[in-house]
Amino acid sequence: MAAFLTGGCGNDGTLVVAVRPGQPGLVTRLPDGRYSGFDIEVAQYVARALGYRDDQVVYTLDTARADLVVGATDRSRYVAGPYLVTSTDILVRAHDLSIRRPRDLARKRVCATRESAEPLVRRFGTRWRQFFLAEANLPAACAPLLASGRTDAIVADAPVLAGLSAQYPGRFRFSGRSLATERYGIATGTAALRDQVEEALRRMFEDGTWKRTVIDQLGALATRYTTPPSLD
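Residues numbered from 1 in each chain as written. Predicted model: local features only at pLDDT ≥ 70, side-chain atom pairs only at ≥ 80, totals over all residues. Heavy atoms only, no water.

## Some words on the packing of helix H1 (residues 38–49) against helix H7 (residues 209–217)
Item 1. Where H1 contacts H7, the axes come no closer than 9 Å and their chain directions differ by 155°. On the basis of the axis angle, H1 is roughly antiparallel to H7. Classified by chirality, the crossing of H7 by H1 is right-handed. Every residue of H7 that contacts H1 at Phe38, Glu41 and Tyr45 is listed here: Thr209, Trp210, Thr213, Val214 and Gln217.
Item 2. A per-class count over the contact of H1 with H7 returns four nonpolar, three polar and one charged. (Axes fitted to C-alpha atoms, helices over the stretch in contact; angles between N-to-C directions. Helix = DSSP H or I, 4+ residues; strand = E, 2+ residues; numbered from the N terminus. Parallel < 35°, antiparallel > 145°, perpendicular 65-115°, else oblique. Left-handed = near helix turned anticlockwise from the far one by under 90°. Contact = heavy atoms within 4.5 Å. Nonpolar A, V, L, I, M, F, W, Y, C, P; charged D, E, K, R; others polar.)

As structure tokens, this is what we get:
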């Protein structure tokens, strides 16, 4: 039951989970206000393992008020996982053959969040950022720019790019080599809660739920993630 949890969980009978907005494939807000996506399925499994019903889980975009933060990559906190190891990739228009590898972006207009753009800024310099980077708060904001030709590529994590591509069937494609490796975990407030979340993830890996969730939520990329990652 939820009563054994630490770090603020269960004080009012709810579990507050912070999620990342604008991440198609990982986190999508539905018209009725509910959320769906790979991160959400992971959060729901963990919440149930911790003793919460689905109607006791509250999602927020505010990490400061959350008991759990899904999709965390900050290793300075108590982070369970990873539950997914993926990569930062490049998405271009389907018929644009001028971009085949990261170095081809040196004179191309790129849309990305500040975090996703960092590998390119390190490679091409701050002047490239000034003249060629359209910095977005959310990856989802980049898709209309690519579709309309106002940018030449989107740089984001592979599951997000797959989600964006699904919104524009046949118009985009993956291009080039990966820029960086990304590890998604679940940040908690204490070591004890981290260990409980880690055990829930272990069960998700072992009982087949993780693999089914990959197929259901990341179908276009399912062949990339054939086995669960090793827990730290």
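## Structural notes on helix H6 (residues 191–206)
Item 1. Here H6 contains 16 residues, and its C-alpha end-to-end distance of 22 Å stays within 8% of the 22 Å for a straight helix at 1.5 Å per residue.
Item 2. Those residues of H6 that fall on the buried side of the exposure criterion are Leu193, Gln196, Val197, Glu198, Ala200, Leu201, Met204 and Phe205.
Item 3. Contacts made by the buried residues of H6 are with H1, strand E5 (68–72), strand E6 (78–93), strand E10 (172–188) and H7.
Item 4. Following H6 by one or two positions, Gly208 has its phi on the positive side, about 90°. (Expected span 1.5 Å × (residues − 1). Buried < 20%, exposed > 50% of the residue type's maximum accessible area, 1.4 Å probe, protein only.)

## Overview of the packing of aromatic side chains
Each aromatic ring pair is characterised by the separation of its centres together with the angle its planes make.
Item 1. Counted by the stated rule, this structure contains six aromatic pairs.
Item 2. Consider the rings of Tyr83 and Tyr184, whose centres lie 6.3 Å apart with planes at 55°: the pair is tilted. Here Tyr83, found in strand E6, pairs with Tyr184, found in strand E10; they are 101 residues apart in sequence, far enough to count as distant. In this structure, Tyr83 and Tyr184 share a single accessibility class: buried.
Item 3. Ring centres 5.9 Å apart and planes at 80° place the aromatic pair Phe205 and Trp210 in the edge-to-face group.
Item 4. Of the residues examined, Trp210 reaches a relative accessible area of 0% and is grouped as buried.
Item 5. When the ring centre of Tyr184 is taken as reference, the NZ or CZ atom of Arg20 above it lies at 4.3 Å.
Item 6. Over the face of the ring belonging to Phe174 we find Arg224, whose NZ or CZ atom lies 5.3 Å from the ring centre. (Phe/Tyr/Trp six-rings, centres within 6.5 Å; stacked < 30°, edge-to-face > 60°. Lys NZ or Arg CZ within 6 Å of the ring centre and 35° of its normal.)

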